[in-house]
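# Observations on the model geometry
Letter by letter, the chains look like this.
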Amino acid sequence: DGVVKPGLEIFSDHGYNWIRLRLFHTPDELPNDLEYTIELAQEAQEYGFKFLLDYHYADSWADPGKQPIPAAWEGLTVDVLADSVYEYTKNTITAFREAGVMPEMVQIGNETRNGMLWPTGKLPDNWDNYAKLSKAGIDGVDAGRGQEARPIIMIHYDQGADKAGARAFYEKFESYNIPYDMIGLSYYPW
């Protein structure tokens, strides 16, 4: 109605009740570091939003065409990289919990159809590594949440319209017996 309002207030007024916030490891271009993301989560909480925390496990965008390892983790063996994922996830979840904004849902990696943390966790050749890295992230969530309820754990496949591809991906993922709660399917018609 011609009145300037914060974006979250506008969305809340129109019935939206979830927000998805991304977290980059050490961003140098975009602001999505831990402090910034906690502040956004606190603002969203004021409007009654639940929130999904989207771990990119990169210093910037991670997507099906690029899943860069954060500069701080370059050159690590898969075991040390998995330990780094675990510690980072545990410490950041702890920070959200201590700030009073535990996420209701956590996405382990962004658009991970082709794996994450390349080349170590690149698919289809490195399924064992990808599974180890995903499990480390999930274990980090469990370690950092303390006595809080466990967030819903989501694994994100970005080609939701590709039923055969999505099914093959999740069947392979499930063969590793990693505890997650839901699949996230994106659909981009372009």
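To keep things clear, this report deals only with the structure shown in the data block. (Residues numbered from 1 in each chain as written. Predicted model: local features only at pLDDT ≥ 70, side-chain atom pairs only at ≥ 80, totals over all residues. Heavy atoms only, no water.)

## So, the overall build of the protein chain
Rules: To qualify as a helix, a DSSP run of H or I must reach at least 4 residues; to qualify as a strand, a run of E must reach at least 2; elements of each kind are numbered from the N terminus. Our radius of gyration looks at C-alpha atoms and nothing else; its globule reference is 2.2 Å times the residue count to the power 0.38. The buried label applies to any residue whose accessible area, calculated with a 1.4 Å probe on protein chains only, is under 20% of its type's maximum; exposed applies above 50%, and partly exposed to all values in between. In this analysis, two residues are considered to be in contact whenever any of their non-hydrogen atoms come within 4.5 Å of each other. Surface accessibility in these figures is a Shrake-Rupley result with a 1.4 Å probe; residues are shielded only by whichever protein chains are displayed. For the purpose of charge, His is not counted, nor are the chain termini; Lys and Arg are scored as positive and Asp and Glu as negative. A single reference atom marks each charge: NZ on Lys, CZ on Arg, CG on Asp, CD on Glu.
Along the protein chain, the regular secondary structure elements total five helices and five strands. Listing the helices and strands of the protein chain from first to last along the sequence gives α-β-α-β-α-β-α-β-α-β. Computed over its C-alpha atoms, the radius of gyration of the protein chain comes to 17 Å, within 12% of the 16 Å expected for a compact globule of 190 residues. Taken over the C-alpha atoms alone, the protein chain extends approximately 55 × 35 × 35 Å along its principal axes. Counting only residues that meet the buried cut, the protein chain has 45% of its 190 residues in that class. Considering only residue pairs separated by 6 or more positions, the protein chain has 75% of its internal contacts joining residues 24 or more positions apart. Accessible area for the protein chain stands at about 9,800 Å²; split by element, carbon and sulfur atoms hold 50% of it. If the 16 positive side-chain charges of the protein chain are averaged to one point and the 30 negative ones to another, these points end up 7 Å apart.

## Section: the layout of surface pockets
As a reminder, the rule being used: Two kinds of site are reported from a 1 Å grid over the protein atoms alone, namely cavities, where a 1.4 Å probe fits but cannot get out, and pockets, open sets with protein on both sides within 12 Å along at least five of seven lines, and residues are called lining when an atom falls within 4 Å of a point. Grid points are joined across faces, edges and corners, and a volume is the space filled by probe spheres set on the points. Any residue outside Ala, Val, Leu, Ile, Met, Phe, Trp, Tyr, Cys, Pro, Asp, Glu, Lys and Arg is labelled polar, Gly included; the first ten of those are nonpolar and the last four are charged.
The volume enclosed by the largest pocket comes to roughly 190 Å³. What lines the largest pocket is a set of 14 residues, and nearest its centre among them are Arg-20, Leu-21, Arg-22, Asp-54 and Trp-61. Contributing elements (two or more residues each) for the lining of the largest pocket: β1 (18-23) and α2 (34-46). Grouping the amino acids of the lining of the largest pocket by side-chain chemistry returns six nonpolar, four polar and four charged.

## Some points on the pairing of strand β2 (residues 50-55)
Going by this rule: The handedness rule is simple: strands pointing away from the viewer, and a clockwise path from the first strand over the helix to the second, make the crossover right-handed. For two strands to be treated as a pair, DSSP must find no fewer than two bridges joining them.
Burial runs high along β2: five of the six residues are buried. Following the backbone out of β1, through α2 and into the adjacent parallel β2, one traces a crossover that is right-handed. Bridging between β2 and strand β3 (residues 105-108) involves four bridges; their strand directions are parallel. Counterpart to Asp-54 in the pairing with β3 is Gln-107. Considered for its hand, the β-α-β crossover made up of β2, helix α3 (residues 78-98) and β3 is right-handed.

## Things to note about the packing of α2 against α3
Which entries qualify depends on this criterion: Each axis is a line fitted through C-alpha atoms, and for a helix only the stretch in contact is used; angles between axes span 0 to 180 degrees, taken between their N-to-C directions. A crossing counts as left-handed when the near helix is turned anticlockwise from the far one by less than a right angle, and as right-handed when that turn is clockwise.
For the pair α2 and α3, the least separation of the axes is 10 Å and the interaxial angle reads 35°. Note on packing geometry: the crossing formed by α2 with α3 is right-handed. On α3, the residues that touch Leu-34, Thr-37, Ile-38 and Ala-41 of α2 are Thr-92, Ala-95 and Phe-96. A breakdown of the residues in the contact of α2 with α3 according to their chemical character gives five nonpolar, two polar and no charged.

## Description of the pattern of salt bridges
Filter applied, for reference: Whenever a carboxyl oxygen of Asp or Glu lies within 4 Å of a side-chain nitrogen of Lys or Arg, that contact is scored as a salt bridge.
Per the counting criterion, the structure on display carries 10 salt bridges. Residue Asp-79 is joined to Lys-132 by a salt bridge in which the shortest nitrogen-to-oxygen separation is 2.5 Å. Of this pair, Asp-79 sits in helix α3 while Lys-132 is found in helix α4 (residues 127-144), placing the two residues 53 residues apart along the sequence. Assessed through its relative accessible area of 48%, Asp-79 is described here as partly exposed. A salt bridge links Arg-145 to Asp-142; the nearest nitrogen and oxygen atoms lie 3.4 Å apart.

These figures capture arrangement, not role.
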